[in-house]
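An overview of the molecular structure
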Amino acid sequence: MAVSSGEGRNADQDDPERRQSARQRAGEEGLLFDGQPVKVPADIGYRGPTACSAAGITYRQLDYWARTGLVEPTVRAAHGSGSQRLYGFRDILVLKVVKRLLDTGVSLQQIRIAVQHLRDRGVNDLAGITLMSDGVSVYECTSPDEVIDLLQGGQGVFGIALGRVWQEVEGSLADLPGERAESGDGPLGGDHQADELARRRRARRTG
């Protein structure tokens, strides 16, 4: 199974020194996320080039993953020649996670199962998940103890805290144009009052 629960302990996980070492490593690698991600409007979407920029992927990858059903745009799908796909914030978050998993050698088959698992989750749940992998399987952790247990047990070669990816995508999109699914007015400007990401970026800049 590609996505397994991070629960479960073994004898080695009762070793205080190993556990402290695992906790320190988790902290250094940013796997223990306790921030509060911004609530993103569900009807704001981003065109393909913007999604690529925010996720760090090529347009060829974006197009292939959409055509094969790995990550499809949920705000607006393409309908015929000239129509524009619109990717939601959650879509771009998953795109960025897929890219990181591929870069670390996880198979596309495993990634497909992991993506389906994330798709079944509510948006609010995603920020509290850390994905761990040994390069073969992907494990879901929903608490700091589960992350530490996997690191201590040797199952977590690398990890992705989705809350941190969420913040990275949020920062990238704050300065990029988004648009409403049913709007015929084109991209929203960075000062559009409905753009929650832009408002949050402005608040950070002004302190």
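This text gives an overview of the structure that appears in the document. Every value quoted in this text rests on a predicted model; they were computed, and no experiment measured them.

So, the overall build of the protein
- On a plain count of helices and strands, the protein comes out with 9 helices and 6 strands.
- Relative to its 207 residues, the protein shows a buried fraction of 45%.
- A separation threshold of at least 6 residues defines the contact pool for the protein, and within that pool the share at least 24 residues apart is 70%.
- Carbon and sulfur atoms make up 47% of the accessible area of the protein, which totals about 10400 Å².

Here's the deal with the packing of helix H4 (residues 89-103) against helix H5 (residues 108-119)
- Contact pair H4 / H5: the axes reach a minimum separation of 11 Å and the direction vectors enclose 155°. Classified by the angle between their axes, H4 and H5 sit roughly antiparallel to one another. Note on packing geometry: the crossing formed by H4 with H5 is right-handed. Contacts between H4 and H5 involve Arg-90, Val-94, Val-98, Leu-101 and Leu-102 on the former and, on the latter, Leu-108, Ile-111, Val-115, Leu-118 and Arg-119.
- Of the residues that constitute the contact of H4 with H5, the class distribution is 8 nonpolar, no polar and 2 charged.

Focus: helix H2 (residues 48-55)
- The element H2 is extensively covered by neighbouring structure, given that 6 of its 8 residues are classed as buried.
- For H2, the complete set of buried residues consists of Gly-48, Thr-50, Ala-51, Cys-52, Ala-54 and Ala-55.
- Taken together, the buried residues of H2 touch helix H3 (59-67), H4 and helix H8 (162-173).
- Note on H2: the residue one or two positions beyond its end, Gly-56, has a positive phi of about 75°.

Re the nonpolar core
- In this structure, Ile-92, Leu-95, Val-98, Leu-162 and Trp-166 are the most contacted members of the largest nonpolar core, which totals 39 residues.
- Put simply, the parts of the chain that give this core at least two residues each are H2, H3, H4, H5, strand E5 (158-161) and H8.
- Top contributing element to this core by residue count: H4, with 8 residues.
- Other than its neighbours up to four places away in sequence, Leu-95 contacts Ala-51, Ala-55, Ile-57, Leu-62, Trp-65, Val-71 and Tyr-87.
- Core analysis: the next-biggest nonpolar cluster, separate from the first, contains 10 residues, Ala-22, Ala-26, Met-132 and Val-147 among them.

Remarks on the pairing of strand E3 (residues 130-133)
- Every second residue of E3 is oriented toward a common face, with Thr-130 and Met-132 on one face and Leu-131 and Ser-133 on the other, all of them buried.
- The pairing of E3 with strand E4 (residues 138-141) spans 4 bridges and is classified as antiparallel. Looking at E4, one finds that Thr-130 is bridged to Cys-141.
- Summarising the sheet, E3 and E5 pair through 4 bridges and their orientation is antiparallel. Bridging from a neighbouring strand, Ser-133 pairs with Phe-158 of E5.

Details of the pairing of E4
- Going residue by residue along E4, you find Val-138 and Glu-140 tucked away on one face and Tyr-139 and Cys-141 tucked away on the opposite face as well.
- Counting the residues in the hairpin turn of E3 and E4 gives 4 residues, including Gly-135, whose phi is positive at 90°.

Section: the pattern of salt bridges
- According to the stated counting rule, one finds 10 salt bridges in the structure shown.
- Between Arg-19 and Asp-145 there is a salt bridge whose closest N-O contact spans 3.4 Å. One end of the pair, Arg-19, is in helix H1 (residues 16-28); the other, Asp-145, is in helix H7 (residues 144-153), with 126 residues separating them in the sequence.
- On the basis of relative accessibility, which here comes to 41%, the residue Asp-145 falls in the partly exposed class.
- Here Lys-96 and Glu-168 are joined by a salt bridge, their closest N and O atoms 4.0 Å apart. Residue Lys-96 is located in helix H4, and its partner Glu-168 is located in helix H8; the two are separated by 72 residues in the primary sequence.

Basis of the calculations
- Residues numbered from 1 in each chain as written.
- Predicted model: local features only at pLDDT ≥ 70, side-chain atom pairs only at ≥ 80, totals over all residues.
- Heavy atoms only, no water.
- Helix = DSSP H or I, 4+ residues; strand = E, 2+ residues; numbered from the N terminus.
- Buried < 20%, exposed > 50% of the residue type's maximum accessible area, 1.4 Å probe, protein only.
- Contact = heavy atoms within 4.5 Å.
- Areas by Shrake-Rupley, 256 points an atom, 1.4 Å probe, with all protein chains shown as cover.
- Axes fitted to C-alpha atoms, helices over the stretch in contact; angles between N-to-C directions.
- Parallel < 35°, antiparallel > 145°, perpendicular 65-115°, else oblique.
- Left-handed = near helix turned anticlockwise from the far one by under 90°.
- Nonpolar A, V, L, I, M, F, W, Y, C, P; charged D, E, K, R; others polar.
- Core = buried A, V, L, I, M, F, W, Y, C linked by side-chain atoms within 4.5 Å.
- Pairing = 2+ DSSP bridges.
- Salt bridge = Lys/Arg side-chain N within 4 Å of Asp/Glu carboxyl O.

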